[in-house]
Structure formats: C-alpha cells, structure tokens
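Architecture at a glance
Next come the chains, spelled out residue by residue.
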Amino acid sequence: MIGSLLRALFVTRPRPASGGGDAVVFVSNIGRSMRVEANTPLESPSASSRLRVLAPIRALLPDVPVWVVAPEDLIRDPALDGFCRPRALVVTKFATQDLLRHRDRSARVLDALARWQGRVPLLADFSDDYAAVREGAGEAVLADYQAGLLEQCAVTVPCEALRAALAPGARHGIRVIEDPWERAQPAPPRVAPGAPLRLCWFGVLNDAALAVLEPALAGILRRFPARALSIELVTAAGAGAEVDALRARLEPLHAQVRLAHQAWSREATWAALERCDFVLLPQADDDWGRVKSHNRLVETIRSGRFALASPIPSYVELQAFARVGADLAEGLDWALAHPQDAAARIGAGQQAIEARFSPAAVGARWRVALGLAIP
C-alpha cells in the first residue's frame, strides 16, 4: 500500500546531488528513485508516510540534500553510485502487505544495507511491531525482516511502548522521535454538545479498526438510546462499502442514529473535527495496537476537541488532556456531565503538546539521530 501512496509524491526531475552527493538517503517503497528538491510538493494520504518520511525530509531541506531510493534500486546498486554518496541512510516503513507480497526482497534489502554498516549512520524507522503480526506462513518473513533491521541499524520509533517492545533486539540503540502534529494553528477548545450529538472517528477502516470501532459505537448507542446521534467516519473514499455494512449493523440498535462517510483528506479531517462534539479513538489492546503512537490523540487535541480514547500506553501518557479508558461510552457520559472540565483538559493539552510534538522539535530530533546535529 505504501508503494502506491508514495509513488506520486515526488514530481521533479532527478539530478545528481552537487559535488557527488553527501545526501541523506531514505529507502522507501516509492516507484521511482529521485532527489527531493526544496520546492517539491510533499503529500500523502498515508499517516505513516507523512509523519515518518515526509516530516523528516522537510526537517532536512533545503540545506541537506535528500534522495528517496526505491528498494529495487538499492538492491541493484547497493553502493548507490548512480544516485549519491550517502551521508546517512534511513530505512522507512514498508507495509506488511508489501513485505508479504515481495518476500524475497526484504532479505535482499538487508544484504544491500550490510555494506553500509559502520560507514554511515544507518537507521531503521518503525511505526509498527512486525513480529506482532499473525499472518500464518508470512509471520516468519515479517519477524525475520524486523530482526535483521534491528541487528544492523540504529532504530527510531514514535513512542515509548514501541521502543520497549523492540529494545531487546536493537543492537545499535533505539530512540523515540514522536510523530509531529500537522495542523498549523490550534483550534480553540470547544465542548458544547448540541442536538444531535456529533461524534467523529478518523483513520484507516480496515478489519482491525472495525474490530474495535464497531463495539465502541454499539456501546454508545445502547447507553444513549434517547439521544439523537450523528457519527462521521473520515476514511478512504474507497471504504464506502465497509461504511455501508457498518451502518446496516448499527442502525437497528438505535432509532436516531445517522452514520456518515467523509472521504479522507487532511482538510476534510480538520473540517470534520470542527463539526463534531467529541472524537472517538478506540484501539485494540493487543501486541499490534498497544504500540501505536500518539498522533491521532495529538491531532484531536490540536483541533480543540475532546477525545474518548482507549488505554494504550501512548494515550495514557496524555490522559490528563482527554478521557482515557476501556469504556468509551462511560467516557462520553463523563464528558457530557463535565463540559467545563473537559474544555479545560483540551486547553492544558494544547499547551503540553505545543513543544513536544511540534514539527520543529521533531525535526531537530531527526537531525540528531542522523548525526547532523549535536544533541
């Protein structure tokens, strides 16, 4: 999936880096390797791409040359003679589907990276724990690839829970570099629920998300049977069938519920957050879900809305600024009864996240990790 998402990101004419290189190289599942220019438009519908690839690239440009190299090109030309002289290499996230689809490629990427070990800063960035995936025969492929990266590379992750999960195998160290907030200006805190009560969820509506979202919504519908509810799901435009099926299952539970689908874009997400009264952030409490980053809760706080979130570690870190607990319906009940307290939590949260999750602060951490700045 990340390959198709990144393929159209960099629309520019590739050219050799001046002086033969000294560029930072990001190995990403892009369709065509190329140098990224300071004026290159950087956008993607994938949060992992935006926050773990494009954000560090923005932090380096324009004063540090950057190349994005496809894994096939790294395998074909492990010395990168046809591209640049690397100052540092960063291996970014490959989607599990891509790793399973191209099973031999991951081992060949590891072989190509081995030549750079000890010569330049070599980083592997993880936003998931591949070893937590249960894919039958594919499980070994994912676990072996992860183990190989941990063996060869220093590691960066977006949160402490993922650091703890990967630390035992990280031979060259592991550090947390948080996901930055994306909304340029914070929205004023607002907790003034009306009729209907407007709820919002945003994310990728896959099977894992549905497994936690549907029971959370069903619990809310059962707890508030007499209250008109409007629920907006901001997700991929192609998820209409999944939204329709979810609507068909939920509507019999509540006489006054309306479930709407909004096609994802950053602007559409921010507009939906503006419209809503509360944001729902359910997350599975398993080895895969427990290590997710703060990014959706941070973006909700930044947007001035009160979040009802599951108790995964990243959300628990910020629980003073939201309502974090296993029962989202109970959290909604509390927020409706304490709107002033909820608004105060949002305001305090906006102050707390301003520095820690700012693009400037996160970018500075990337520069240190890449050996381009002194900590």
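Notes on the structure in this doc start here. Here the structure is a predicted model, which is why all the values come from computation and not from measurement.

Cut-offs used in this document
- Residues numbered from 1 in each chain as written.
- Predicted model: local features only at pLDDT ≥ 70, side-chain atom pairs only at ≥ 80, totals over all residues.
- Heavy atoms only, no water.
- Core = buried A, V, L, I, M, F, W, Y, C linked by side-chain atoms within 4.5 Å.
- Buried < 20%, exposed > 50% of the residue type's maximum accessible area, 1.4 Å probe, protein only.
- Contact = heavy atoms within 4.5 Å.
- Helix = DSSP H or I, 4+ residues; strand = E, 2+ residues; numbered from the N terminus.
- Pairing = 2+ DSSP bridges.
- Axes fitted to C-alpha atoms, helices over the stretch in contact; angles between N-to-C directions.
- Phe/Tyr/Trp six-rings, centres within 6.5 Å; stacked < 30°, edge-to-face > 60°.
- Lys NZ or Arg CZ within 6 Å of the ring centre and 35° of its normal.
- Polar contact = N/O pair within 3.5 Å; in protein donor to acceptor, adjacent residues only side chain to side chain.
- Parallel < 35°, antiparallel > 145°, perpendicular 65-115°, else oblique.
- Nonpolar A, V, L, I, M, F, W, Y, C, P; charged D, E, K, R; others polar.

1. Examining the nonpolar core
With 39 residues, the main nonpolar core has F126 and L149 as its most contacted residues. Setting aside residues no more than four positions away along its own chain, L149 makes contact with V91, L110, L113, A124 and F126.

2. Re the environment of E72
Here E72 shows up in helix 3 (residues 71-76). Along the sequence, E72 and L370 sit 298 residues apart, while their C-alpha atoms lie 23 Å from each other.

3. Regarding helix 15 (residues 359-369)
Among the residues making up helix 15, those that are buried are V362, G363, W366, R367, V368 and A369. Residues of helix 15 that are buried sit in contact with helix 2 (47-60), strand 5 (122-125), strand 6 (154-157), strand 7 (174-176) and helix 14 (339-356). A positive phi of about 75° marks G371, the residue just after helix 15.

4. Considerations on helix 10 (residues 266-275)
Of all the residues in helix 10, the buried ones are R266, A268, T269, W270, A272 and L273. In this structure, the buried residues of helix 10 make contact with helix 2, strand 8 (197-202), strand 9 (229-235), strand 10 (257-263), strand 11 (278-281) and helix 11 (295-302).

5. Thoughts on the sheet that holds strand 2 (residues 34-36)
Strand pairs in the sheet, formed through backbone hydrogen bonds, run parallel or antiparallel to each other. In spatial order, the strands read 2-3-1-4-5-6-7; together these 7 strands make up an open sheet with mixed pairing. This sheet does not close on itself; its edge strands, each paired only once, are strand 2 and strand 7. On average, each strand axis in the sheet is tilted by 25° relative to the strand beside it, whichever way the strands run. Note that strand 2 and strand 3 (residues 66-69) share 3 bridges and pair antiparallel. Following the sheet pairing, M34 is matched in strand 3 by V68.

6. A closer look at the packing of aromatic side chains
Under the counting rule described, the total for this entry stands at 6 aromatic pairs. Measuring from centroid to centroid gives 6.5 Å for F278 and F306, while their planes differ by 80°, and the two rings are edge-to-face. Placement of the pair is F278 in strand 11 and F306 in strand 12 (residues 306-309), with a sequence separation of 28 residues. Take F278 and F306: they sit in the same class, and that class is buried. Members of the aromatic cluster, joined through ring pairs, are F94, F126, Y130 and Y145. Cation over ring: R119 sits above W116, and NZ or CZ is 4.4 Å from the ring centre. The cationic tip of R296 hangs over the ring face of F202; the distance from NZ or CZ to the ring centre is 5.8 Å.

7. A word on the sheet that holds strand 11
Pairing in this open sheet of 6 strands is parallel, and the strands run 10-9-8-11-12-13 from one edge to the other. Of all strands in the sheet, those with a lone pairing partner are strand 10 and strand 13 (323-324), marking the two edges. As judged from the 4 bridges shared by strand 11 and strand 12, these two strands associate in the parallel manner. Across the sheet, residue L280 finds its bridge partner in strand 12, namely L308. Its contacts with the sheet place helix 11 against strand 8, strand 11 and strand 12, and it is angled at close to 175° to strand 11.

8. Regarding unusual backbone geometry
The linkage connecting L61 with the following residue, P62, adopts the cis geometry, with an omega of 5°. In this structure, P62 sits in the loop between helix 2 and strand 3. A cis amide bond links A195 with the next residue in sequence, P196, at an omega value of 0°. Considering the arrangement of structural elements, one finds P196 in the loop between strand 7 and strand 8.

9. Regarding the environment of N206
Following the sequence through the fold, N206 ends up in the loop between strand 8 and helix 8 (207-223). Judged by relative accessible area, which is 36%, N206 ranks as partly exposed. A polar contact is formed between the side chain of N206 and the backbone nitrogen of A208, at a distance of 3.3 Å.

10. Description of the pairing of strand 12
Side chains F306 and L308 project from strand 12 onto one buried face, and the interleaved A307 and A309 project onto a second face that is buried too. Alignment of strand 12 against strand 13, held across 2 bridges, turns out to be parallel. From the neighbouring strand, L308 faces strand 13, where its bridge partner is R323.

11. Here's the deal with the environment of Q152
Relative to the assigned elements, Q152 resides in helix 6 (residues 139-152). C-alpha of Q152 to C-alpha of L110: the two residues are 42 residues apart in sequence and 8.2 Å apart in space. Setting aside residues up to four positions removed in sequence, Q152 forms contacts with L110, L113, A114, Q117, L122 and H172. In this structure the side chain of Q152 is engaged in a polar contact, spanning 3.1 Å, whose partner is the backbone oxygen of L110.

12. What about the packing of helix 13 (residues 328-337) against helix 14?
Where helix 13 contacts helix 14, the two axes come as close as 5 Å, and the packing angle between them is 100°. Comparing the axis directions of helix 13 and helix 14 gives the class roughly perpendicular. In contact with W334, A335, L336 and A337 of helix 13, helix 14 contributes P339, D341, A342 and R345. Looking at the contact of helix 13 with helix 14, its residues break down into 6 nonpolar, no polar and 2 charged.

By themselves, these are just geometric observations and shouldn't be taken as functional.
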